[in-house]
Amino acid sequence: MGTDRSRQGAQSRGEVTAGERKFQFYGRRKGHSLRRHHLQLMETLLPRLRFDPAGFRPDTFQACYLEIGFGGGEHLAHQASLHPDIRFVGAEPFINGVAKLLALIEEKGLQNVRVFDNDVRPLFAALPDASFSRIYLLYPDPWPKVRHHKRRFVSQENLAQIHRLLGPEGQFVFASDITDYADWALDHVRQHGGFTMPDGDDSVPPADWLETRYEEKAKAAGRRSRYLIFPKKTKREM
Ligand SMILES: C[S@@+](CC[C@H](N)C(=O)[O-])C[C@H]1O[C@@H](n2cnc3c(N)ncnc32)[C@H](O)[C@@H]1O
């Protein structure tokens, strides 16, 4: 209560609260104005599909997958249509991307997707251990300048949450077209120690892959994607 009041006070004074500073988001939240149909979907469909961690009971589903930063939602919608029995949760703060995912959900008649239209990091703490069997992080913002590397999503703090949120035999699935970021991910995951490191050819996407617009553009620009799958280690392997 007291905390709420001091947060509201800080917000009304235009100050940045400690929570906001901890999870400062450097990406875009909004692009061009939404088309009328997308606006309608934001007003009507999003409130019905908005992910509520308080009511989330992962054990009531065959499996749950999380996609962090789903962009336009093409990969998420594709996976959700392939696996109607799996609960998909997508997190994305860029509202134009959220609207695109909603349009795909409507077009494909998907029943198994819930949408968190915000930064995923504050959500992590509200989720129980072993919530997901798979967590996707595909083409995260590369933040190429060295002084911006600390903004990269792959960090020990986020890996600790990803590890905690994966159940036994869970997988962390990472892809990037930026060689330096793929190497960064490999180094950070190795340092974390809780995942089995991938071996084999990382230029081959998983069998059920769908190329997003982002990935197509990277290809057209001559950048090769790397697909890294990190299974969570079993207790005995740790
Ligand atoms: C380069 S785009 C890639 C989008 C998509 N994964 C694809 O492959 O087409 C990275 C996305 O991650 C989202 N993102 C960045 N930080 C995030 C965070 N903390 N929580 C959720 N999404 C995030 C951005 O808004 C952006 O849409």
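Use the structure listed above.
Residues numbered from 1 in each chain as written. Predicted model: local features only at pLDDT ≥ 70, side-chain atom pairs only at ≥ 80, totals over all residues.

A.B. asks: Explain the overall build of the protein to me, and be specific about the residues and the numbers.
C.D. replies: Within the protein one finds nine helices and six strands. If one aligns the C-alpha atoms of the protein with their principal axes, the spans along those axes are about 50 × 40 × 40 Å. Pairs at least 24 residues apart make up 78% of the contacts formed inside the protein by residues separated by at least 6 positions. (Helix = DSSP H or I, 4+ residues; strand = E, 2+ residues; numbered from the N terminus. Contact = placed C-beta atoms within 7 Å.)

A.B. asks: Describe the site of the ligand, listing the residues and the values that go with them.
C.D. replies: Around the ligand sit 21 residues, and of these Gly 69, Gly 71, Tyr 139, Thr 212 and Tyr 214 come closest. Looking at the shell around the ligand residue by residue, the class counts come to 11 nonpolar, five polar and five charged. The two domains that each donate at least three residues to the shell around the ligand are domain 1 (39–50 + 60–127) and domain 2 (132–238). (Near = placed C-beta within 6 Å. Nonpolar A, V, L, I, M, F, W, Y, C, P; charged D, E, K, R; others polar. Domains from an automatic or database assignment.)

A.B. asks: Explain the nonpolar core to me, and be specific about the residues and the numbers.
C.D. replies: Core analysis: the largest hydrophobic core is formed by 46 residues, its most contacted members being Leu 101 and Ile 135. Viewed by domain, this core spans two of them, domain 1 (39–50 + 60–127) and domain 2 (132–238), each represented by three or more residues. (Core = buried A, V, L, I, M, F, W, Y, C linked by C-beta atoms within 7 Å. Buried ≥ 20, exposed ≤ 12 C-beta atoms within 10 Å, placed from the backbone.)

A.B. asks: Could you give me a rundown of the pairing of strand β5 (residues 166–176), with the residues and numbers involved?
C.D. replies: Alignment of strand β4 (residues 132–138) against β5, held across six bridges, turns out to be parallel. Note on β5: the bridge partner recorded for Ile 135 is Phe 172. Crossover β4 to β5 through helix α7 (residues 156–165) is right-handed. With six bridges connecting them, β5 and strand β6 (residues 226–231) associate as antiparallel partners. Across the sheet, residue Gln 171 finds its bridge partner in β6, namely Pro 231. (Pairing = 2+ DSSP bridges. Right-handed = clockwise from strand over helix to strand, strands pointing away.)

A.B. asks: Could you give me a rundown of the packing of α7 against helix α8 (residues 179–192), with the residues and numbers involved?
C.D. replies: Where α7 contacts α8, the axes come no closer than 10 Å and their chain directions differ by 65 degrees. Helix-helix and strand crossings are classified by hand; for α7 and α8 the assignment is right-handed. Two secondary-structure elements touch here, α7 through Gln 156, Leu 159 and His 163 and α8 through His 188, Val 189 and His 192. (Axes fitted to C-alpha atoms, helices over the stretch in contact; angles between N-to-C directions. Left-handed = near helix turned anticlockwise from the far one by under 90°.)

A.B. asks: Can you lay out unusual backbone geometry for me, pointing to particular residues and giving the numbers?
C.D. replies: Located in the positive-phi region is Ala 130, a residue other than glycine, with phi close to 55 degrees. Relative to the elements of secondary structure, Ala 130 occurs in the loop between α6 (121–124) and β4. Look at Ala 130 and you get partly exposed, because 16 C-beta atoms sit within 10 Å. Located in the positive-phi region is Tyr 139, a residue other than glycine, with phi close to 50 degrees. Relative to the helices and strands, Tyr 139 resides in the loop between β4 and α7. In this structure Tyr 139 comes out as buried when scored by C-beta crowding, with 20 C-beta atoms within 10 Å.

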